[in-house]
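Letter by letter, the chains look like this.
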Amino acid sequence: MPVRRFPPVRLSIDDIAFGGRGVGRLPDDGRAVFVPFVLPGEEVEAEVVAEHRRHVEARLVAVTQPASARTEPRCPYFGRCGGCSYQHADYATQLSIKRKQVADLLRRVGRLTFADATVRATVPSPEIYGYRNRITVHARDGALGFFTHGPGERALLDIEECPLAAPAVNTALHALRARYQRGVLPDGRNYTVSDDDPSSADTPRFFRQTNDGAASRLRELVRALALEAVPTAAARGHLIDAYCGDGFFARSLTADFQRITGIEMDRRAVRAAQAAALAAPHEKYLAGDVAAHLPAALTLAAAAETVLLVDPPAEGLHETVIAAIAARPPATLIYISCQPPTLARDLARLKVGHAADSLYELLSVTPLDMFPQTAEIEAVVHLRARSGDAAGF
Ligand SMILES: C[S@@+](CC[C@H](N)C(=O)[O-])C[C@H]1O[C@@H](n2cnc3c(N)ncnc32)[C@H](O)[C@@H]1O
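Residues numbered from 1 in each chain as written. Predicted model: local features only at pLDDT ≥ 70, side-chain atom pairs only at ≥ 80, totals over all residues. Heavy atoms only, no water.

J.: Can you help me understand the overall build of the protein in this one?
T.: Broken down by element type, the protein carries eight helices and 17 strands. In summary, the protein has a C-alpha radius of gyration of 23 Å against a globular reference of 21 Å for 393 residues, a match within 12%. Projected onto its principal axes, the C-alpha coordinates of the protein cover approximately 65 × 55 × 35 Å. In the protein, which comprises 393 residues, the proportion classed as buried is 51%. (Helix = DSSP H or I, 4+ residues; strand = E, 2+ residues; numbered from the N terminus. Rg over C-alpha atoms; globule rule 2.2 N^0.38 Å. Buried < 20%, exposed > 50% of the residue type's maximum accessible area, 1.4 Å probe, protein only.)

J.: I would appreciate a short explanation of the domain arrangement of the protein in the present structure.
T.: One widely used convention gives an interface's size as the accessible area the parts lose upon coming together. Domain assignment breaks the protein into domain 1 (9-70), domain 2 (95-124 + 211-392) and domain 3 (134-194). A C-alpha centroid distance of 34 Å is found between domain 2 and domain 3. (Domains from an automatic or database assignment.)

J.: Hey, could you run me through the pattern of salt bridges in this one?
T.: Pairs can form between side chains of opposite charge whenever their charged atoms are close. Within the structure shown, the criterion is met by 18 salt bridges. When the shortest N-O distance is used, the salt bridge between Glu51 and Arg31 registers 2.9 Å. Of the two residues, Glu51 sits in strand β5 (residues 43-51) while Arg31 sits in the loop between β3 (22-25) and β4 (32-35), which places them 20 residues apart along the sequence. Take Glu51: its relative accessible area is 6%, and that puts it in the buried class. The salt bridge partner of Glu47 is Arg59, with a shortest N-O separation of 2.9 Å. A residue pair is termed long-range when its members are at least 10 positions apart, and Glu47 in strand β5 and Arg59 in strand β6 (residues 55-65) qualify at 12 residues. (Salt bridge = Lys/Arg side-chain N within 4 Å of Asp/Glu carboxyl O.)

J.: When you look at the side chain of His238 in this model, what are you seeing that I'm missing?
T.: Residue placement: His238 occurs in strand β11 (residues 238-242). A polar side-chain atom of His238 sits 2.7 Å from a polar atom in the side chain of Thr261. A polar contact is formed between the side chain of His238 and the backbone oxygen of Ala297, at a distance of 3.5 Å. The residues touching His238, leaving out its near neighbours within four places in the chain, are Phe257, Arg259, Ile260, Thr261, Ala297, Leu300, Ala301, Glu305, Thr306 and Val307. (Polar contact = N/O pair within 3.5 Å; in protein donor to acceptor, adjacent residues only side chain to side chain. Contact = heavy atoms within 4.5 Å.)

J.: Any chance you could explain the sheet that holds β4 here in plain terms?
T.: Within a beta sheet, neighbouring strands are joined by backbone hydrogen bonds and run either parallel or antiparallel to one another. With respect to topology, six strands assemble into an open sheet ordered β1-β5-β6-β4-β3-β2, the strand pairing being mixed. The sheet terminates laterally at β1 (9-12) and β2 (15-16), the two strands that pair on one side only. Here β5 runs beside β6; their pairing, made up of eight bridges, is antiparallel. Within β6, the position partnered with Glu45 by the bridge is Ala62. (Pairing = 2+ DSSP bridges.)

J.: Explain the packing of aromatic side chains here, please?
T.: How two aromatic rings sit relative to each other is set out by the distance from centre to centre and by the angle between their planes. Within this structure, the stated rule accounts for two aromatic pairs. Ring centres of Phe37 and Phe78 lie 5.1 Å apart, and the angle between their planes is 70°; this geometry places the pair in the edge-to-face category. With Phe37 in the loop between β4 and β5 and Phe78 in the loop between β6 and α1 (91-108), this pair connects stretches of sequence that are 41 residues apart. In this pair, the class of Phe37 matches that of Phe78, namely buried. With a centroid separation of 5.1 Å and an interplanar angle of 75°, the aromatic rings of Phe248 and Phe249 are classed as edge-to-face. A residue is classified by how much of its surface remains accessible, and Phe248, at 17% relative accessible area, is buried. Seen from the ring of Phe248, Arg219 lies directly overhead, with NZ or CZ sitting 4.5 Å from the centre. (Phe/Tyr/Trp six-rings, centres within 6.5 Å; stacked < 30°, edge-to-face > 60°. Lys NZ or Arg CZ within 6 Å of the ring centre and 35° of its normal.)

J.: Quick question: what am I supposed to make of the site of the ligand here?
T.: For the ligand, the set of nearby residues contains 16 residues, the closest of which are Gln209, Tyr243, Glu264, Asp289 and Asp311. In this structure, Asp289 approaches the ligand through a side-chain N or O atom, which is 3.0 Å from a nitrogen atom. Residue Asp311 places a side-chain N or O atom 2.8 Å away from a nitrogen atom belonging to the ligand. Considered on its own, the ligand offers 600 Å² of accessible surface; in the complex 86% of this is hidden by protein. Split into classes, the residues belonging to the shell around the ligand amount to nine nonpolar, three polar and four charged. (Near = heavy atom within 4 Å. Areas by Shrake-Rupley, 256 points an atom, 1.4 Å probe, with all protein chains shown as cover. Nonpolar A, V, L, I, M, F, W, Y, C, P; charged D, E, K, R; others polar.)

J.: Looking at this structure, how should I read the environment of Leu225?
T.: Inspection of the secondary structure assignment puts Leu225 in helix α3 (residues 212-229). Accessibility expressed as a relative area gives 2% for Leu225, which makes it buried. Expressed as a C-alpha distance, the spacing of Leu225 and Leu333, which sit 108 residues apart in the sequence, is 9.8 Å. When residues no more than four places from it in sequence are discounted, the contact partners of Leu225 are Arg120, Ile334, Ser364, Val380 and His382.

This is the structure:
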């Protein structure tokens, strides 16, 4: 749709949608306006940059009445760089925005009705800057950095340092820049610099969590939920860690379950998991698709003694995986998600709720802030098979 020229509009910001943009209403026709870098309760002036039938997108021109939660961004690129959405918000506000977004998505997309208390407070990251153990930058036409904020075509923004990256990562970025400027590295490529091997500029070997402090909190949380789910040690028959990577979660539960099965597509990650598990014969890692291995894994112990962890990529669970779970629902299902909209979709497909045909009941939802200052949200959902079902399969 062609963009009509609007005069700047005055907006009251009611909410912050998943993805980080504030929501206001156009004064003339009431359509939703999405505008970045604002906060709930603020009065702002914005300019419409793209018009759609039911909503418009706008650029922030001025904040006429700032919220008390507004803070000074730490990064000189904030507002242009596409990486961060919330450096203008104090940390407590970032956490509460993320909690509300998860609850709203579960209600709207997951069609879940639940007590608000089911969604716990967002677990904070121990570090809110300098936490990334690696970053990936793009190189093009002499610029080395990140792409700019949308909408529209994104330009490449040259970045000297990223304040979200750990100091060692920024040191590695300086070294990468020197090599790029000497013409040693080809143009038009992505380069990853990390704190474990600052001299390399390659893509990581396999999936690794990006924020070590927050990842430890995530692992502690998942461990606590898995143990709470089956309180008696004798009944901890089988832990299945699906999408296990190098066994990040399973390793912390090795001593607690009689049998552990990890399933992972990436063979290098599986080799690393197996190497770490050498002395533990009850721990097995299978290379391949979760959809292929899960049905058999679910038969290895009674459903009542089985805890299934799923930590899929952003696309969520394939329908064949949902079908495998529905065919033999383990008593406990812990879903770790990096993409709340697909999580909400999958909970609807898994028939979570209180209806007569519900497969699972929702015990808790815990958002976790793996990426402070950005719009990303991690969430852990604890589900229990509806009574009687698990033992009956
Ligand atoms: C979000 S990562 C989680 C890794 C691990 N749980 C961790 O915390 O380190 C998702 C993992 O799923 C793997 N994966 C993606 N699709 C898969 C599939 N269909 N079957 C098995 N593994 C898959 C990826 O290789 C990646 O290691």
